[in-house]
Amino acid sequence: MGLTGGCMCGSVRYELASDPFDCGWCHCRTCQLTSGAPAMAFASVPAGHLVWTKGEDVVRSVPSSSFGHRSFCGNCGTPFLMQVDHQPETVDFSVATLDEPEAIEPGFHIFWGSKVAWFNPGDALPRHDKFRPDTRGLEGTEPPG
Ligand SMILES: [Zn+2]
Ligand SMILES: [Zn+2]
C-alpha cells in the first residue's frame with residue numbers, strides 16, 4: 001500500500017509504512033558529495049517507517065558528519081537515508097529513489113548558502129542559508145566542508 005522505491009541496480013528495495021512529510025531541497029556540501037549532484041531532494045518518515053523489502057544486507061552506512069550518517073546501496077551507490085543523532089524519531093530519505101518521485105514535492109530549500117552558483121532553481125520556495133529555523137539540536141553543528 002505504501003510508496004515504494006529502490007536503487008539503480010535493483011539490489012535494494014524499500015516500502016514506506018506511512019506518508020512522507022517535510023520534503024525539501026538540501027544544497028549542503030555533504031549532499032553534493034554523496035549524490036554527485038548540486039542538491040538532493042529529501043523527505044522524512046518516522047524512524048522504522050522506511051522498511052527494506054529486498055537487499056537489506058547490501059545496504060552500507062557511513063558517518064557523514066559529527067552527528068549523522070548516510071546509508072546507500074553497497075552495490076551501485078544509490079543514496080537512500082540521512083539519519084542524524086539529535087532527531088532519532090525520524091529518518092530522511094532521497095525522494096528521487098521513489099518509484100514515483102512525484103508523490104511528494106519539495107516545499108523549501110536548506111543550505112542555500114552553499115548552493116552551486118550555476119544551479120538556479122526557478123521556484124519561489126523559502127530559502128534558508130543553513131538549517132530551517134525550527135530545526136532542533138543543531139547549535140554549533142553543520143555538515144563538514
Ligand atoms: Zn543498487
Ligand atoms: Zn544536505
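Note that the structure is predicted; figures quoted are calculated from it, not measured. All residue numbers here refer to positions counted from 1 along the written sequence of the relevant chain. For this description, chains carry letters from A and ligands carry numbers from 1, given in the order in which they are written. Only residues with pLDDT of at least 70 are given local features in this predicted model, and only at 80 or more are side-chain atom pairs given and counted; all residues enter the totals for whole chains, interfaces and linings. Here the side-chain values reflect all heavy atoms present in the structure, with hydrogen atoms and water set aside.

Peer 1: Before we go on, may I ask you to explain the coordination of the zinc ion (ligand 1) in this structure?
Peer 2: Reference values for coordination geometry: four tetrahedral donors around a metal ideally subtend 109.5 degrees, six octahedral donors ideally subtend 90 or 180 degrees. In the first shell of the zinc ion (ligand 1), the protein supplies C7 (SG), C9 (SG), C73 (SG) and C76 (SG), at 2.3 to 2.4 Å from the metal. Donor criterion used throughout: N, O or S atom within 2.8 Å of the metal, extended to 3.2 Å for Na, K and Ca. Water excluded; incomplete-looking sites may result. Geometry is assigned from the angles between donors: four donors with all angles from 85 to 135 degrees make a tetrahedral site, four or six donors whose opposite pairs exceed 155 degrees while the rest stay between 65 and 115 make square planar or octahedral sites respectively, and everything else is labelled irregular. Here the zinc ion (ligand 1) is ringed by 4 donor atoms whose angles at the metal span 107 to 114°, and the overall shape comes out tetrahedral. Taken in chain order, the donor set of the zinc ion (ligand 1) reads C-x1-C-x63-C-x2-C. Under the relative-accessibility criterion, C76 is labelled partly exposed at 23%. Accessible area is worked out with a 1.4 Å probe on protein chains only. A residue is then buried under 20% of its type maximum, exposed over 50%, and partly exposed in between.

Peer 1: Would you mind showing me how to read the nonpolar core here?
Peer 2: One broad trend across soluble globular proteins is that nonpolar side chains are buried collectively. Note on terminology: a nonpolar core comprises buried Ala, Val, Leu, Ile, Met, Phe, Trp, Tyr and Cys residues joined through side-chain atoms within 4.5 Å. In this structure, V12, Y14, L50, W52, F80, F93 and V95 are the most contacted members of the largest nonpolar core, which totals 20 residues. Numbered from the N terminus, helices here are DSSP runs of H or I no shorter than four residues, and strands are runs of E no shorter than two. Where this core is concerned, the elements lending two or more residues are strand 2 (13-16), strand 4 (40-46), strand 5 (50-54), strand 8 (79-84) and strand 9 (90-94). Per element, the largest residue contribution to this core is 3 residues, and it comes from strand 4. With residues near it in sequence (within four places) discarded, W52 still touches V12, R13, Y14, V59, F80 and L81. In this structure, C31, M40, F108 and F111 belong to the second largest nonpolar core, which totals 9 residues. Any two residues having at least one pair of non-hydrogen atoms within 4.5 Å are treated as being in contact.

Peer 1: In this structure, what is going on with the coordination of the zinc ion (ligand 2)? I would like to understand it.
Peer 2: The protein atoms that coordinate the zinc ion (ligand 2) are C26 (SG), C28 (SG) and C31 (SG), at distances of 2.1 to 2.3 Å. Residue C28 is classed as buried on the basis of its relative accessible area, which comes to 2%.

Peer 1: Help me out: how do you make sense of the environment of A41 in this one?
Peer 2: Within the secondary structure layout, A41 lies in strand 4. For A41 and T97, which are 56 residues apart along the polypeptide, the C-alpha to C-alpha distance reads 9.8 Å. Excluding residues within four positions of it along the chain, A41 makes contact with G24, W25, F93, S94, V95, A96 and P106.

Peer 1: How do you make sense of the sheet that holds strand 4 when you look at a structure like this?
Peer 2: Each strand in a sheet pairs with its neighbour through backbone hydrogen bonds, running either in the same direction (parallel) or in the opposite one (antiparallel). Whether two strands pair comes down to DSSP finding at least two bridges between them. Taken in spatial order, the 7 strands make up an open sheet running 6-7-8-9-4-3-10, and their pairing is mixed. Taken across any chain shown, the strands that pair with only one partner, and hence form the sheet edges, are strand 6 (59-65) and strand 10 (109-110).

Peer 1: What am I meant to see in the sheet that holds strand 2 here?
Peer 2: Read across the sheet, 3 strands follow the order 1-2-5 without closing on themselves; strand pairing throughout is antiparallel. On the outer flanks of this sheet lie strand 1 (4-6) and strand 5, each paired with one strand and no other. When the angles between neighbouring strand axes are averaged without regard to direction, this sheet yields 30°. Sheet topology note: the strand 1/strand 2 ladder contains 3 bridges and is antiparallel. By the bridge assignment, G5 is partnered in strand 2 with Y14. All axes here are fitted lines through C-alpha atoms, helices being fitted over the stretch that makes contact, and every angle between N-to-C directions spans 0 to 180 degrees.

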